[in-house]
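One-letter residues, chain by chain:
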Amino acid sequence: MSLIDIDGVCKNYTIEGDRELTVIDHIDLSIREGEFVSIIGPSGCGKSTLLHMIGGFVPSTAGEIRVGGAAVHSPGPDRGIVFQHFALFPWKTVLGNVEYGLAERGIGKLERRDTAQSFIDMVKLSGFENTYPNRLSGGMQQRVAIARMLACEPSILLMDEPFGALDAQTRKILQEELRELWQRFRKTVVFVTHDVREAVFLSQRVVVMSARPGRIKTIVETGLGPDASRAAIDEKADELWDLLRDEVVRTLDEERRGL
Amino acid sequence: MMKAPSHTLWLRRAGARYGSIVVVLILWELTTRTGIFNNFLLPPLSDVLYRFALDFISGEIPRHALATAYRAAVGFAIAAGFGILTGGLMSMSAVIRRIMEPIVSVAFPIPKISFLPIFILWFGLDDLSKVLMIAFSCVVPIISATYLGTTTVDKYFLWSARNLGTSRQALFWKVIVPAASPQIISGLQVAFPLALIIAVVTEMLTGGDGLGGYMIRSVRFAQSDKVFAGLLATLFTGLIFIQGFAMLRARLLVWHNETAVTAAG
Amino acid sequence: MSKALRIPIFYLPIFAILILWELAARLGLLNPSIFPSLTDTLVAFVRLAEKSHLLAHAWLSLFRQSSGFFLAAVFGIVSGILMAESRTVRNILEPLLRATFPLPKSALIPLFILWLGIGDSAKVAAVFLGCLLPIVVSTFNAARGINKQLVWSAWSLGTPKWLIPWKVVLPAALPEIMSGLRIALALSFTLMVSAEFLIGQRGLGYLISTLGEDGDYAGMFAAVLAVTVLGFAADRLFLWLNDHLLAWRE
């Protein structure tokens with residue numbers, strides 16, 4: 001049973017009053033519950049836009065997105081989101097940020113403090129509850145963003161190039177931790193990234209998009225279950241890297257020729 | 001792919017840009033002509049425009065506007081010259097910086113207009129006290145911006161120039177000032193409207209000529225249409241001032257861009 | 001160097017100027033009839049405080065300046081944020097703002113004399129309207145400049161759309177809003193003094209001009225000193241508040 005149904009979705013923007021830019025052109029995609037799906041593609045292919053539409057932040061020009069059978073109209077805590085540049089509330093402490101969604105639901109002070117604390121511990125930031133975001137490194141800030149999202153117990157995690165602004169070392173660590181978290185909770189994850197290897201490492205399916213207009217070029221099954229060993233992952237990643245890279249390179253080449 | 005015919009788009013755009021102004025003006029005329037608003041306190045727009053036209057043609061408004069603009073411009077020019085020089089000196093000499101920094105810091109928030117009666121005492125009721133007050137009010141943001149601009153010049157600019165044999169003095173005028181000019185111009189932009197604000201206040205206090213004098217006299221003689229005509233004249237003068245400054249700025253910045261290009265290439 | 005000592009040492013040049021002032025007066029370099037010495041000014045200050053209700057005048061001026069300023073701050077911040085968040089509000093207000101922007105704020109004073117007479121309300125109105133425009137403009141720019149993803153994050157975490165401008169945009173834009181407020185604060189003192197010069201009826205501006213007219217120049221200097229100190233103190237108080245509110249910026 002699919003949790004997310006993307007059905008014939010298109011997105012156009014009007015620029016300069018009379019020109020239309022087609023960002024996404026007819027995307028059909030179904031994502032099953034508990035699946036980890038990555039979306040990769042060159043810049044401008046609309047992958048972030050697609051994610052934002054699932055999130056309910058941006059309406060589609062045509063077609064429909066359904067979550068659990070119901071059409072998506074607006075954002076909600078059932079679809080949590082993290083962004084590349086963390087988007088933490090700088091005037092709130094780590095605890096204040098993680099508690100935020102719980103407070104919006106009207107959960108009492110003591111209860112939400114405990115819940116928030118458990119998520120802060122889960123992302124390995126114990127001790128930083130009363131620190132303000134500007135004192136934290138990029139990696140730590142992203143952990144807070146993830147904890148903030150998870151605290152609301154969303155059924156879907158939307159991740160918009162979450163590790164793009166971090167250094168290689170931190171990225172590796174967070175990728176591993178994300179995989180561990182996913183193996184633990186088996187939430188549905190839609191993960192947008194530029195990094196092919198990251199996509200293969202984390203997901204069961206990788207959706208490759210082409211740019212201008214954004215369409216699904218191909219979908220590749222990584223064939224790796226949640227209990228796959230490191231070795232199997234590495235082998236598969238190398239195997240698929242070439243295939244996917246060809247797609248990306250071909251798309252980039254077409255793009256350049258098209259221009 | 002065309003979305004909508006362009007002439008309706010133009011209309012919608014104009015509506016968004018000017019719509020509420022037009023609505024306000026229409027309401028003004030209607031509510032006063034139909035007696036909803038007291039015609040003395042709020043003369044009808046047509047009466048105001050009529051009075052404005054009368055006093056404009058008779059030369060009264062242009063005379064006053066010119067007087068105000070003249071004082072504001074001279075005061076501003078003095079402030080600009082003195083301010084840029086001081087700000088520049090502050091960046092070059094640690095001693096001058098040590099002396100000026102607290103002075104500027106104190107001078108910024110104090111209402112300098114409160115010194116006007118002192119200026120009048122010292123310099124009389126004529127142009128001198130007004131122009132000096134304008135200069136006094138405008139100089140502080142200019143010093144501040146110049147100092148900021150000249151002290152944050154990219155050190156690579158400086159090193160390159162020194163490497164090419166520029167002496168310390170020449171360095172200031174050839175490299176630092178041009179590099180700091182966006183900041184300096186930004187400071188000038190902050191000080192500029194202030195010049196007109198202060199000019200009008202000084203004129204209102206001394207009641208002589210100038211737009212401020214024109215308006216305060218109108219109030220005292222209970223000529224409400226003149227008060228509004230004066231406001232309109234002041235608005236236009238302010239507009240011309242701002243436009244003039246924008247043109248000057250564009251010319252100066254064009255120069256700046258050119259020098260930047262030649263420096264890089 | 002301890003923190004307490006750093007501040008007076010910073011202001012040493014100011015103290016030096018004051019000393020030079022007194023010295024110049026003592027040495028006869030200044031014409032005492034138009035340039036009283038520092039001591040004369042301070043003596044006059046005490047005299048005014050004891051006999052001429054200097055404090056009452058100061059209090060009144062402060063009341064006019066702060067009411068006008070706070071009203072402008074509240075209306076200005078709310079309008080600025082609404083303009084940034086709602087296209088409709090922006091379309092209504094922006095043309096009006098652009099049309100009135102070139103008008104020097106002080107020019108409104110005669111209009112307020114016409115409408116509100118010579119009481120307190122004319123002065124408060126002058127301060128209010130003069131400060132309103134800069135506050136609206138700086139708030140609008142500040143609100144427009146915040147990270148849109150903050151809004152989206154709050155929205156997805158369950159904050160209702162209508163509450164977002166106040167729960168998210170306002171705190172996020174606050175640093176820039178405070179910068180605009182600081183400038184408006186200085187402007188509010190200028191407008192208050194200008195209005196009091198012109199409209200009379202007690203207050204420090206009124207005091208300065210009447211003392212000048214009466215020939216009590218030492219007193220006039222003392223009143224100018226009083227306004228200067230008030231303006232400076234208000235600014236420093238504002239900075240303290242700013243640091244306190246924006247503590248999260250470290």
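Predicted, not measured: the structure shown is a model, and the values here were computed from it.

1. Focus on the overall build of chain B
Line of reasoning, step 1. Looking only at helices and strands, chain B features 10 helices and zero strands.
Line of reasoning, step 2. Going from the N terminus to the C terminus, chain B shows its helices and strands as α-α-α-α-α-α-α-α-α-α.
Line of reasoning, step 3. For 265 residues, the compact-globule estimate of 2.2 N^0.38 gives 18 Å, and chain B exceeds it by more than 25% at 24 Å.
Line of reasoning, step 4. Over its C-alpha atoms, taken along the principal directions, chain B stretches across nearly 75 × 70 × 30 Å.
Line of reasoning, step 5. Relative to its 265 residues, chain B shows a buried fraction of 40%.

2. Looking at the overall build of chain C
Line of reasoning, step 1. Looking only at helices and strands, one finds 11 helices and zero strands in chain C.
Line of reasoning, step 2. Once the C-alpha set of chain C is aligned to its principal axes, its extents read approximately 70 × 55 × 30 Å.
Line of reasoning, step 3. Here chain C holds 250 residues, and 43% of them are scored as buried.
Line of reasoning, step 4. Once local pairs closer than 6 in sequence are excluded, the contacts in chain C between residues at least 24 apart make up 72%.

3. Re the sheet that holds strand β2 (residues 19–32) of chain A
All names here are of chain A.
Line of reasoning, step 1. The sheet built from four strands is open, its strands ordered β2-β1-β4-β5 with antiparallel pairing. Across the chains shown, the open sheet's two edge strands, defined by having one partner strand only, are β2 and β5 (70–71).
Line of reasoning, step 2. With 10 bridges joining them, strand β1 (residues 2–15) and β2 adopt antiparallel strand pairing. For Ile4, the partnering residue across the bridge sits in β2 and is Ile31.

4. A few points about the nonpolar core
Line of reasoning, step 1. Core analysis: the largest hydrophobic core is formed by 206 residues, its most contacted members being A:Val190, B:Ile134, B:Cys138, B:Ile142, B:Ala195, C:Ala126 and C:Ala223.
Line of reasoning, step 2. Shared between two domains, this core holds at least three residues of each, these being domain 1 (33–60 + 70–78 + 155–165 + 173–258) and domain 2 (87–153) of chain A.
Line of reasoning, step 3. Discounting chain neighbours no more than four positions away, the residues touching B:Ile142 are B:Ala79, B:Ala80, B:Gly83, B:Ile84, B:Gly87, B:Gly187, B:Leu188 and B:Ala191.

5. Some details on the confidence of the model for chain C
Residues and elements named next belong to chain C.
Line of reasoning, step 1. Confidence along chain C averages 91 in pLDDT terms, with 99% of residues attaining 70 or more.
Line of reasoning, step 2. For chain C, helix α1 (residues 3–10) is the element with the lowest average pLDDT, namely 80, and helix α8 (residues 148–156) is the one with the highest, namely 95.
Line of reasoning, step 3. This prediction of the complex comes with two scores: 0.87 for pTM and 0.89 for ipTM.

6. Structural notes on the interface of chain B and chain C
Line of reasoning, step 1. Counting residues at the interface gives 43 residues for chain B, matched by 40 residues for chain C.
Line of reasoning, step 2. Counting residues per element, the side of chain B that touches chain C draws most heavily on helix α10 (residues 224–264) of chain B, which supplies eight residues.
Line of reasoning, step 3. Grouping the constituent residues of the side of chain B that touches chain C by class yields 34 nonpolar, seven polar and two charged.

7. What to know about the confidence of the model for chain B
Line of reasoning, step 1. Of all residues in chain B, 92% attain a pLDDT of 70 or more, and the chain-wide mean is 84.
Line of reasoning, step 2. Segment residues 258–265 of chain B: pLDDT under 50, and one contact once partners within four positions in sequence are set aside and those in other chains are kept.

8. Some points on the pairing of strand β9 (residues 205–210) of chain A
Residue and element names in this part refer to chain A.
Line of reasoning, step 1. The buried fraction of β9 is high, at five of six residues.
Line of reasoning, step 2. Judged from the six bridges that link them, β9 and strand β10 (residues 215–221) form a sheet pairing that is antiparallel. If you follow Arg205 over to β10, its bridge partner there is Glu221.
Line of reasoning, step 3. The antiparallel pairing of β9 with β10 creates a hairpin that spans four residues between the two strands, and Arg212 there sits at a positive phi of about 45°.

9. Points about the interface of chain C and chain A
Interfaces are often sized by the accessible area lost when the parts come together.
Line of reasoning, step 1. Every contact between the two is made by 14 residues of chain C and, on the other side, 22 residues of chain A.
Line of reasoning, step 2. No other element matches α8(C), which puts six residues into the side of chain C that touches chain A.
Line of reasoning, step 3. Residues of the side of chain C that touches chain A, tallied by class, amount to six nonpolar, six polar and two charged.

10. Overview of the packing of helix α3 (residues 38–51) of chain C against helix α11 (residues 217–245) of chain C
Residues and elements named next belong to chain C.
Line of reasoning, step 1. Viewed as axis vectors pointing N to C, α3 and α11 meet at an angle of 80°, and their least axial separation amounts to 8 Å. Looking at the two axes, α3 sits roughly perpendicular to α11. Of the residues in α11, those in contact with Asp40, Thr41, Ala44, Phe45 and Leu48 of α3 are Ala218, Gly219, Phe221, Ala222, Ala223 and Leu225.
Line of reasoning, step 2. A breakdown of the residues in the contact of α3 with α11 according to their chemical character gives eight nonpolar, two polar and one charged.

11. Some points on the sheet that holds strand β3 (residues 36–40) of chain A
All names here are of chain A.
Line of reasoning, step 1. Strand order in the open sheet formed by six strands is β6-β7-β8-β3-β9-β10, with mixed pairing between adjacent strands. The strands lining the two open edges of the sheet, one partner per strand, are β6 (79–82) and β10. For this sheet, the mean inter-axis angle between neighbouring strands, taken without regard to orientation, is 20°.
Line of reasoning, step 2. Sheet topology places β6 next to strand β7 (residues 156–160); four bridges connect them, and they run parallel. Counterpart to Ile81 in the pairing with β7 is Leu158.

12. Focus on the environment of A:Arg257
Line of reasoning, step 1. As for its position among the elements, A:Arg257 is in helix α7 (residues 230–258).
Line of reasoning, step 2. Sequence separation of A:Arg257 and A:Gly44 is 213 residues, and the distance between their C-alpha atoms is 15 Å.

13. What to know about the pairing of β7(A)
Residues and elements named next belong to chain A.
Line of reasoning, step 1. Taken across its five residues, β7 has five buried, putting it largely inside the fold.
Line of reasoning, step 2. Bridge analysis of β7 against strand β8 (residues 188–193) gives five bridges, and the strand direction is parallel. Among the inter-strand pairings, Ile156 is bridged to a residue of β8, identified as Thr188.
Line of reasoning, step 3. Since β7 and β8 lie parallel, the crossover through helix α5 (residues 168–185) that links them has a hand, and here it is right-handed.

14. Notes on unusual backbone geometry
All names here are of chain A.
Line of reasoning, step 1. At His26, a residue that is not glycine, the phi angle is positive and equals roughly 55°.
Line of reasoning, step 2. Here His26 is to be found in strand β2.
Line of reasoning, step 3. The class of His26 is partly exposed, set by 15 C-beta atoms lying within 10 Å.
Line of reasoning, step 4. Even without being glycine, Arg186 reaches a positive phi, approximately 45°.
Line of reasoning, step 5. Relative to the elements of secondary structure, Arg186 occurs in the loop between α5 and β8.

15. A closer look at the environment of C:Leu20
Line of reasoning, step 1. Positionally, C:Leu20 belongs in helix α2 (residues 12–26).
Line of reasoning, step 2. Judged by the 12 C-beta atoms lying within 10 Å of it, C:Leu20 falls in the exposed class.

16. Here's the deal with the packing of helix α2 (residues 45–57) of chain B against helix α3 (residues 60–92) of chain B
Residue and element names in this part refer to chain B.
Line of reasoning, step 1. In contact at an axis separation of 4 Å, α2 and α3 are set at 75° when each is read in the N-to-C sense. Here α2 is positioned roughly perpendicular relative to α3, judged by the angle of their axes. Counting all contacts with α2, which are made through Phe52, Asp55 and Phe56, the residues of α3 involved are Glu60, Ile61 and Pro62.
Line of reasoning, step 2. The class makeup of the residues in the contact of α2 with α3 is four nonpolar, no polar and two charged.

17. Some points on helix α10 (residues 204–214) of chain C
Line of reasoning, step 1. Counting buried positions along α10(C) gives eight out of 11 residues, so the element sits mostly inside the fold.
Line of reasoning, step 2. C:Gly215 sits one or two positions beyond α10(C) and adopts a positive phi of about 90°.

18. A look at the environment of A:Ser137
Line of reasoning, step 1. Mapped onto the elements of the fold, A:Ser137 is located in the loop between α3 (109–122) and α4 (138–150).
Line of reasoning, step 2. In this structure A:Ser137 comes out as exposed when scored by C-beta crowding, with 11 C-beta atoms within 10 Å.

About the criteria used
Residues numbered from 1 in each chain as written. Chains lettered and ligands numbered in written order. Predicted model: local features only at pLDDT ≥ 70, side-chain atom pairs only at ≥ 80, totals over all residues. Helix = DSSP H or I, 4+ residues; strand = E, 2+ residues; numbered from the N terminus. Rg over C-alpha atoms; globule rule 2.2 N^0.38 Å. Buried ≥ 20, exposed ≤ 12 C-beta atoms within 10 Å, placed from the backbone. Contact = placed C-beta atoms within 7 Å. Pairing = 2+ DSSP bridges. Core = buried A, V, L, I, M, F, W, Y, C linked by C-beta atoms within 7 Å. Domains from an automatic or database assignment. pLDDT = per-residue confidence, 0-100. Nonpolar A, V, L, I, M, F, W, Y, C, P; charged D, E, K, R; others polar. Axes fitted to C-alpha atoms, helices over the stretch in contact; angles between N-to-C directions. Parallel < 35°, antiparallel > 145°, perpendicular 65-115°, else oblique. Right-handed = clockwise from strand over helix to strand, strands pointing away.

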